[in-house]
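# What the coordinates show
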Amino acid sequence: MAGAEARDITCATSFFATATAMLASESGRTILLVTSTFREAEAIAAEISGLLGEDAVAYYPAWETLPHERLSPRADTVGRRLAVLRRLVSDAPPRVVVAPVRALLQPQVKNLASMRPVTVEAGRERDLTDLLTSLVDAAYNRVDLVERRGEFAVRGGIVDVFDPTHDHPVRVDFFGDTVEEMRFFTVADQRSMDGTLDEFTAVPCRELLITPEVRARAAALAGDHPELSEMLERIAQGQACEGMEALIPALVPELELLTDAMPADTMVLVADPELVRTRADELVRTSREFLHASWAAAASGGRAPIDLAASTYRELEQVREHVLDGGRSWWGLSAFAGSPDGAAGP
């Protein structure tokens, strides 16, 4: 397909960040730089930010959990991922997105960027009930005292919200139906900090929101899968629960890869393809073993286990072929000579 190409660039490892910045500047294309680990991704993202500016670079984290693990990814991880995806469809997208291979291999809910954040403006009218409903819809948990990201609390005309992408929660003070004032506050002593906010945005805390469609699918599945009835029934009732993201492929009709959410002109750049390939093979093997042990074996009474294969890690070669078939480029960034055909990388 026109525009699809696979190449290898050989240079010193210390030059990887500079090479990426040069490619982004000279090609005018969006670069998706893939590393073997999240530590490498964070480090090289910081280097590239020093060359292109912080606004030009975004780090896209991976879940800390396996796709099928009955544990939810951290709210701050989800918040950072959604923030990057929204930037990609904005008027000022990043020039370079850096991601560990774990994020590249994992299918995600399609069109995550369309998830609407909850926005509050000082001096404007905002129905309190509507605000609380919006926070619940965005997967925030209501508590008596806000201490963790993804929580909110209500005391009279005061709403405390801890957005996953901020270091401190925000206190929204209402006067009637008007947002009178907003300030950050500290979790330790619950005291408001200096300075006020004109606007505050609370991003969704989960990549699976409990929409009417999701509730209906959960209700339909509950009878056929008694081993998951507790979790499915809670989702059917509109209640978020720990680990519900593991059921994404059964509750959401379409998934996509990170590369599908990137701009059409994106160039995938793999830093040290051999290390990335090795790490990818480990992740795929571990994911499949966990899926079989934790979910397939959970079937009882002769019932077929719930099918969650759609969200398991893709093999790196499958992702590479998908990228090239879509007309995008896949380049390797190696510290050693590539293969004779020039198509180094997975």
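Up top is the structure.
Residues numbered from 1 in each chain as written. Predicted model: local features only at pLDDT ≥ 70, side-chain atom pairs only at ≥ 80, totals over all residues. Heavy atoms only, no water.

The helix and strand inventory of the chain stands at 10 helices and 15 strands. Computed over its C-alpha atoms, the radius of gyration of the chain comes to 22 Å, within 12% of the 20 Å expected for a compact globule of 346 residues. Residue burial in the chain is summarised as follows: out of 346 residues, 47% are buried. At a minimum sequence separation of 6, the contacts of the chain that also span at least 24 residues come to 70%. Put simply, the chain shows about 16100 Å² of open surface, and 48% of that area lies on carbon and sulfur atoms. (Helix = DSSP H or I, 4+ residues; strand = E, 2+ residues; numbered from the N terminus. Rg over C-alpha atoms; globule rule 2.2 N^0.38 Å. Buried < 20%, exposed > 50% of the residue type's maximum accessible area, 1.4 Å probe, protein only. Contact = heavy atoms within 4.5 Å. Areas by Shrake-Rupley, 256 points an atom, 1.4 Å probe, with all protein chains shown as cover.)

Attention shifts here to the packing of helix 6 (residues 212-222) against helix 7 (residues 229-236). The geometry of helix 6 relative to helix 7 is characterised by a closest axis approach of 8 Å and an angle of 150° between their N-to-C directions. As judged from the angle between their axes, helix 6 and helix 7 are roughly antiparallel. Where helix 6 crosses over helix 7, the two elements pack in a sense that is left-handed. Contacts from Val 214, Arg 215, Ala 218, Ala 219, Leu 221 and Ala 222 in helix 6 reach Ser 229, Leu 232, Glu 233, Ile 235 and Ala 236 in helix 7. Considered class by class, the residues forming the contact of helix 6 with helix 7 number 8 nonpolar, 1 polar and 2 charged. (Axes fitted to C-alpha atoms, helices over the stretch in contact; angles between N-to-C directions. Parallel < 35°, antiparallel > 145°, perpendicular 65-115°, else oblique. Left-handed = near helix turned anticlockwise from the far one by under 90°. Nonpolar A, V, L, I, M, F, W, Y, C, P; charged D, E, K, R; others polar.)

The subject of this paragraph is the sheet that holds strand 14 (residues 267-271). The 6 strands lie next to each other as 1-15-14-2-4-3, forming an open sheet whose pairing is parallel. At either end of the open sheet lies a strand with only one pairing partner, and these are strand 1 (5-10) and strand 3 (57-59). Strand-to-strand twist of the sheet, defined as the mean angle between neighbouring strand axes without regard to direction, takes the value 20°. Sheet topology places strand 2 (residues 31-35) next to strand 14; 4 bridges connect them, and they run parallel. Residue Ile 31 lies in a different strand from strand 14, and its bridge partner there is Met 267. Against the sheet, helix 2 (residues 38-52) touches strand 2, strand 3 and strand 4 (96-100), its axis set at about 165° to strand 4. Lying on the sheet, helix 10 (residues 316-325) is in contact with strand 1, strand 14 and strand 15 (329-334); it crosses strand 15 at an angle near 130°. (Pairing = 2+ DSSP bridges.)

Looking now at the environment of Asp 198. Residue position: Asp 198 is located in the loop between strand 11 (178-184) and strand 12 (199-202). Placed 76 residues apart in sequence, Asp 198 and Ala 122 show a C-alpha to C-alpha distance of 5.1 Å. Discounting chain neighbours no more than four positions away, the residues touching Asp 198 are Val 120, Glu 121, Ala 122 and Met 182.

Structurally, Glu 256 is set in strand 13 (residues 255-256). It turns out Glu 256 is buried and unbridged, and the closest side chain with the opposite charge, Lys 110, is 5.5 Å from it. Looking at Glu 256, its side chain comes within polar contact range of the main-chain nitrogen of Asn 111, at 3.3 Å. Non-local contacts of Glu 256, meaning those with residues more than four positions away in its chain, are made with Gln 106, Pro 107, Gln 108, Val 109, Lys 110, Asn 111 and Ala 261. (Lys, Arg positive; Asp, Glu negative; His and termini not counted. Salt bridge = Lys/Arg side-chain N within 4 Å of Asp/Glu carboxyl O. Polar contact = N/O pair within 3.5 Å; in protein donor to acceptor, adjacent residues only side chain to side chain.)

Attention shifts here to the sheet that holds strand 10 (residues 170-175). One open sheet holds the 5 strands; their spatial order is 7-8-9-10-11, and the pairing between them is mixed. A single partner strand is all that each edge strand has here, and the edge strands are strand 7 (141-142) and strand 11. In this structure, strand 8 (residues 151-155) lies alongside strand 9 (residues 158-161), joined through 4 bridges in antiparallel fashion. By the bridge assignment, Phe 152 is partnered in strand 9 with Val 161. Contacting strand 7, strand 8, strand 9 and strand 10, helix 5 (residues 128-137) crosses the sheet at an angle of about 20° to strand 9.

Take helix 2 next. Here helix 2 is 15 residues long and its end C-alpha atoms lie 21 Å apart, about the 21 Å a rise of 1.5 Å per residue gives. Along helix 2, the residues classified as buried are Ala 41, Ile 44, Ala 45, Ile 48 and Ser 49. Looking straight down helix 2, one finds its buried side chains confined to an arc of 150°; they lie on one side. Set apart from the buried face of helix 2 by more than 90 degrees, the exposed residues are Arg 39, Ala 46 and Gly 50. Where helix 2 is buried, its residues contact helix 1 (16-27), strand 2, strand 3 and strand 4. Looking one or two residues beyond helix 2, the residue adopting positive phi is Gly 53, at roughly 100°. (Expected span 1.5 Å × (residues − 1). Arc of directions from axis to C-beta.)

Moving on, we come to the side chain of Thr 259. Inspection of the secondary structure assignment puts Thr 259 in the loop between strand 13 and strand 14. What Thr 259 contacts, discounting residues up to four positions off in sequence, is Leu 32, Leu 104, Val 268, His 322, Val 323 and Arg 328.

All told, the structure shown has 0 aromatic pairs when counted by the stated rule. The ring of Phe 185 has Arg 171 sitting right over it, with the charged end atom 4.0 Å from the ring centre. (Phe/Tyr/Trp six-rings, centres within 6.5 Å; stacked < 30°, edge-to-face > 60°. Lys NZ or Arg CZ within 6 Å of the ring centre and 35° of its normal.)

Let us now look at the pairing of strand 11. Both faces of the sheet carry side chains from a regular strand, because those side chains alternate between them. Bridge count for strand 10 against strand 11 is 6 bridges, and the pairing is antiparallel. Directly across from Asp 173, in strand 11, lies its bridge partner Glu 181. Taking the residues between adjacent antiparallel strands as the criterion, strand 10 and strand 11 are bridged by 2 residues, where Gly 176 takes a positive phi near 70°.

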